[in-house]
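So you can see what is in the structure, the chains are spelled out below.
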Amino acid sequence: MKTLDKIPTTKIERAGQLVKTGFKIGGNYMAYYGEKIVNPSLSKDKLNENNAEDIYDGLKNLKGSALKVAQMLSMDKNIMPRAYVEKFSLAQFSVPPLSAPLVRKTFKKYLGEFPEAIYDSFTPDSVNAASIGQVHQASKDGKKLAVKIQYPGVAESISSDLAIVKPFAIKMFNLQGKDSEKYFKEVEHKLLEETDYDLELKQGTEIAEACSKIPNLKFPKYYPELSSKKILTMDWMDGEHLSEFTALNTDRAKGDKLGQALWDFYMFQIHELRQVHADPHPGNFLIDTEANLIAIDFGCIKQVPEDFYIPYFELASPSIIDNSKLFNEKLYELEILRTDDTKEEVEYFTALFHQLLSLFTLPFHGDSFDFSDEEFFGNIAKMGEEFSKDTQLRKMNGNRGSKHFLYINRTFFGLYNLLHDLKARIETKSYEKYR
């Protein structure tokens, strides 16, 4: 794979790259509509493939928050066209890496030495490259190590990247008024946290210790003396990415075992620690030869405040969902309904979220749940398609819900998809014995 000697870091450079991508997409649409005149039955499959490829090609050299957005979108399997999911999922662990000279320069700047002076061995070529940083293999004192190096300029470009994306997001989600700023601030805050490797080391160490009782779950050990704000050294964990495992696994018992570990890990974090690993994509989980789940990358940890946690999980209860008065109260507590809503907006969003929550909270309604249930995921996909075509929804004020929904909903959406890939049958209350 071609390596990068330089990453665009200024607002002008990065905006220019996005403008080029915009021109390519415009050309794809012109070609599509021109061909559709000749062939009226032409589907959008080829258009989606071309657009997905051009967008990804434009973002992969920018790295940082621009590429992170693509990674986040790749988790939306039931909403995004398949071409986008397949292409954007490459952002999880397969993008052009930094060149060896740029890697050496980063080490000299943040650890004061070149890598060969720090480790007994160090591979100059990365073994994994994603949106925020890339991973190299190293060794020291007989230990096999993974060394994550952050791309230059990533933290400094987050605010300008979001400023470029913001006008499109406002239009896409019909966000209105100054209240929409809270969502962008939440994303900016979490992205900035992901660029702080000192924080990731602390979070990874604390969560590993807190979750040590959960069986079939492993974590890497971190090494503060070999780490800095932009370089992170940890144990090398042997295993295959969860997506690689699920593509070939035919052992249902293994899927159940791994799914239970994954579910218990997430439920324990949320209900006991009031925080959660909020980046549940396949690139952040490995499976070892003994079918243990290995959790890595603790840069994105979402804190769950009590005033959000309580009404959020109360809405997972059928007794609340089916009680119109209590259901309405919780919608206001979670800022889904607003005091300045019109009667039409209250009625519309109450009905919409009743439909949505009645389906999405089903895994919490009993003591067990089968995530291989195609009907459940088919209904989620169908609902997503209906929402995307709902012209009334586009006219409504899109400022809906507490800012905490952004990462908590993303977490559950990603978790459900991973459990579905594993075809896992899980016991929903199992995590309680580790509290």
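Residues numbered from 1 in each chain as written. Predicted model: local features only at pLDDT ≥ 70, side-chain atom pairs only at ≥ 80, totals over all residues. Heavy atoms only, no water.

**Some details on the overall build of the protein**
Then, in step 1: A count of helices and strands for the protein gives 18 helices and 13 strands.
Then, in step 2: Taking the intrachain contacts of the protein between residues at least 6 apart in sequence as the baseline, contacts between residues at least 24 apart amount to 72%.
Then, in step 3: Surface summary for the protein: the accessible area is close to 20400 Å², and the carbon and sulfur share equals 56%. (Helix = DSSP H or I, 4+ residues; strand = E, 2+ residues; numbered from the N terminus. Contact = heavy atoms within 4.5 Å. Areas by Shrake-Rupley, 256 points an atom, 1.4 Å probe, with all protein chains shown as cover.)

**A short note on the sheet that holds strand β9 (residues 285–287)**
Then, in step 1: Sheet architecture is open: 4 strands sit in the order β5-β10-β9-β7, paired in mixed fashion. Of all strands in the sheet, those bounded by a partner on one side alone are β5 (217–218) and β7 (240–241).
Then, in step 2: Pairing between β7 and β9: 2 bridges, direction antiparallel. Opposite Glu240, over in β9, you have Ile287 as the bridge partner. (Pairing = 2+ DSSP bridges.)

**Observations concerning the confidence of the model for the protein**
Then, in step 1: Chain-level statistics for the protein give a pLDDT mean of 82 and a share of 74% at 70 or above.
Then, in step 2: Segment residues 21–26: pLDDT under 50, and 6 contacts once partners within four positions in sequence are set aside and those in other chains are kept.
Then, in step 3: Within the model, pLDDT remains below 50 along residues 73–79, and this stretch shows 24 contacts once partners closer than five positions in the same chain are excluded. (pLDDT = per-residue confidence, 0-100.)

**Quick notes on the pattern of salt bridges**
Then, in step 1: Taken as a whole and assessed by the stated rule, the structure comprises 22 salt bridges.
Then, in step 2: The partner of Lys148 in a salt bridge is Glu200, with the nearest N and O atoms 2.9 Å apart. Note that Lys148 is positioned in strand β4 (residues 143–150) and Glu200 in helix α9 (residues 197–210), a separation of 52 residues in sequence.
Then, in step 3: Glu200 sits in the buried class, given a relative accessible area of 1%.
Then, in step 4: A salt bridge links Asp297 to Lys148; the shortest N-O distance between them is 3.7 Å. Taken together, the positions of Asp297 in the loop between β10 (293–295) and β11 (301–303) and Lys148 in strand β4 put the pair 149 residues apart, joining distant regions of the chain.
Then, in step 5: The partly exposed category is assigned to Asp297, whose relative accessible area is 22%.
Then, in step 6: Since its relative accessible area comes to 11%, Lys148 is described here as buried.
Then, in step 7: Several salt bridges converge on common partners, so that one network encompasses Lys148, Glu200 and Asp297. (Salt bridge = Lys/Arg side-chain N within 4 Å of Asp/Glu carboxyl O. Buried < 20%, exposed > 50% of the residue type's maximum accessible area, 1.4 Å probe, protein only.)

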